[in-house]
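Notes for the structure review
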Amino acid sequence: MVSRMPALLKDVRAIVLDELHMVDGSYRGDQLRILLRRIEALSNNPVSIYGASATVSDPMGLALRYMSSPIIVSSPGGRDIDYQIVPSLEKAARAFREKELKKCLVFCNTPEEAETLANGELRQWFPPSVLKVHHGKLQVPKRAEAERALRSEAKVVCACTSTLEVGVDIGDIDMVILANRPRSVASIAQRIGRANRREERINTVAVARSAGEAAYYEKVFEAIARSKYASEERSFDPSVVVQQVLSSLSGPAGAKASEVQGLFCGLMPAEEVRAVWEHLHVGGWIEQDNNGRWSIGKRAREFGPKVHSNIPGSESIEVVEADSGQPIGNIALPIDNIFVLGGQAWMVRKKLNGRVMVSQVDSGTDVANFASYDRFGAFFDLLPAEIKLRHRREMGAS
């Protein structure tokens, strides 16, 4: 919209950024920072920016990355968590029924798990008429049917995936059951946060199939209840410069070089921005007309709408135990600084040679950190070689 229909943004007066801690410290957050500057430049009005976030260790630092002269308004605390950790889904279902609750989300990690539970194990404790399924492989009308049931029907038990973590209006939920351990702290927080939205306590039950898994949940719930999250220190991602240059120049009128390069003032050295610009010009990704205006070149036009997103395609990364050097497996990006693989929670220690080096999470590990790791933005490979090398070093990768 910013590139193709800028006139629609002329009357913007306010922007609300929800769950800001989920993107801060990543190329997604850096892309958001530039988009805010572009929208402010297009609007005929002063634009007020409002951000909502979990309680981070440096709220002013976070706010200053997305707005000027911010005012911090702190809530006296997050909601308490009334949690149970049980060894089986049967006991979780029993806890729901004993409390005589009406609506429940049963979170799974894959569509296949959700379908299996809804059409199998859950039917042992709930009548089929109250069971619903919601996941990304369902067509939109089918997902909408489950959402309507959650909003309007008296009793609903919905087996779902991350599609119901955020952003969907499903009304009041009495309990969240974690049927399988999510791979990240962020996902756990999002999932249990769907319960009891109008109340001061979150009602959740986690199914832990080992003592280690139970200990992990215990620590995560305590950390979430404290609502104090560390934010990752990370330099501005230069792949965002490539993506935003191409996006800014993709409109029908193009733009002046000074207009686009000025977007990155204070975020990346001007000489590096100019180096990226020249590299894209020499490579045929951008071109200049006789009037001195710039637009994307033929090579960039082949990206189509993908030019407006810096999110990589499906990519996985090898996970290696740092102490032993033993490969553990592969996991799809993005990942949090703590994730689950092979039934064990792991903490990222460093990134090296296209791998993440990890160690097991123990009882003394602070898991309250939403820092995420997506190796690089989608346009990283279009950067000049020297900037790619520097950023790889900063990221601890090669």
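Residues numbered from 1 in each chain as written. Predicted model: local features only at pLDDT ≥ 70, side-chain atom pairs only at ≥ 80, totals over all residues. Heavy atoms only, no water.

Attention shifts here to the overall build of the protein chain. When helices and strands are counted, the protein chain shows 12 helices and 17 strands. Put simply, the protein chain has 398 residues, and 49% of those count as buried. Considering only contacts in the protein chain between residues 6 or more positions apart, those separated by 24 or more positions represent 70%. (Helix = DSSP H or I, 4+ residues; strand = E, 2+ residues; numbered from the N terminus. Buried < 20%, exposed > 50% of the residue type's maximum accessible area, 1.4 Å probe, protein only. Contact = heavy atoms within 4.5 Å.)

We now examine the sheet that holds strand β5 (residues 131–134). The parallel open sheet is built from six strands, whose spatial order is β3-β8-β7-β4-β6-β5. Only two strands of the sheet have a single partner each, and these edge strands are β3 (80–86) and β5. Pairwise comparison of adjacent strand axes, ignoring direction, gives a mean angle of 20° for this sheet. Direction of pairing for strand β7 (residues 175–178) relative to strand β8 (residues 201–207): parallel, over a ladder of three bridges. Opposite I177, over in β8, you have V205 as the bridge partner. Contacts from helix α5 (residues 140–152) reach β4 (103–107), β5 and β6 (156–160), with the element oriented near 130° to β5. (Pairing = 2+ DSSP bridges. Axes fitted to C-alpha atoms, helices over the stretch in contact; angles between N-to-C directions.)

Okay, the environment of I317 next. Relative to the elements of secondary structure, I317 occurs in strand β11 (residues 316–321). The class of I317 is buried, set by a relative accessible area of 1%. Taking the C-alpha atoms as reference, I317 lies 5.6 Å from I331; in sequence the two are 14 residues apart.

Here we take up a nonpolar patch on the surface. On the surface, M1, M5 and L8 cluster together into a nonpolar patch covering about 330 Å² of accessible area. Inspection of the secondary structure assignment puts M5 in the segment before β1 (14–17). (Patch = residues over 30% accessible without salt bridge, like charges linked within 9 Å, V, L, I, M, F, W, Y side chains within 5 Å. Areas by Shrake-Rupley, 256 points an atom, 1.4 Å probe, with all protein chains shown as cover. Salt bridge = Lys/Arg side-chain N within 4 Å of Asp/Glu carboxyl O.)

Turning our eyes to something else, we now look at the packing of helix α1 (residues 27–42) against helix α8 (residues 239–248). Viewed as axis vectors pointing N to C, α1 and α8 meet at an angle of 35°, and their least axial separation amounts to 10 Å. The two elements α1 and α8 cross, and the hand of that crossing is right-handed. Every residue of α8 that contacts α1 at Y27, D30, Q31, I34, L35 and R38 is listed here: S239, V240, Q243, Q244, S247 and S248. Within the contact of α1 with α8, the residues separate by chemical class into four nonpolar, six polar and two charged. (Left-handed = near helix turned anticlockwise from the far one by under 90°. Nonpolar A, V, L, I, M, F, W, Y, C, P; charged D, E, K, R; others polar.)

Moving on: the confidence of the model for the protein chain. Of the residues in the protein chain, 87% have a pLDDT of 70 or more, and the chain-wide mean is 85. Per-residue pLDDT stays below 50 along residues 363–371; that stretch engages in 35 contacts with residues further than four places along the chain or on separate chains. (pLDDT = per-residue confidence, 0-100.)

What follows concerns α1. With 16 residues, α1 should reach 22 Å at 1.5 Å per residue; the first-to-last C-alpha distance of 23 Å fits that figure. All of the buried residues along α1 are Y27, G29, D30, Q31, L32, R33, I34, L36, R38, I39 and L42. (Expected span 1.5 Å × (residues − 1).)

A complete count under the given rule lists zero disulfides for this structure. No disulfide involves C108; its sulfur sits 6.9 Å from that of C160, the nearest cysteine. Lacking any disulfide linkage, C158 is separated from the closest cysteine sulfur, that of C160, by 5.0 Å. Its relative accessible area of 0% is what places C158 among the buried residues. (Disulfide = S-S within 2.5 Å.)

A complete count under the given rule lists seven aromatic pairs for this structure. Ring centres of F96 and F126 lie 5.9 Å apart, and the angle between their planes is 70°; this geometry places the pair in the edge-to-face category. Of this pair, F96 sits in helix α3 (residues 89–98) while F126 sits in the loop between α4 (111–118) and β5; the two residues are 30 residues apart in sequence, bridging distant segments of the chain. You'll find F96 and F126 in the same group, each marked buried. Here the aromatic rings of Y217 and F221 are separated by 5.6 Å at their centres, their planes lie at 15°, and the arrangement is stacked. Of the two residues, Y217 and F221 are both situated in helix α7 (residues 211–226); the distance of four residues between them amounts to about one turn of the helix. Overall, Y217 belongs to the buried group, its relative accessible area being 0%. The exposure class of F221 is buried, given its relative accessible area of 1%. One aromatic cluster is present, built from ring pairs that chain together Y83, Y216, Y217 and F221. A cation sits over an aromatic face here: R181 above Y216, 4.7 Å from the ring centre. (Phe/Tyr/Trp six-rings, centres within 6.5 Å; stacked < 30°, edge-to-face > 60°. Lys NZ or Arg CZ within 6 Å of the ring centre and 35° of its normal.)

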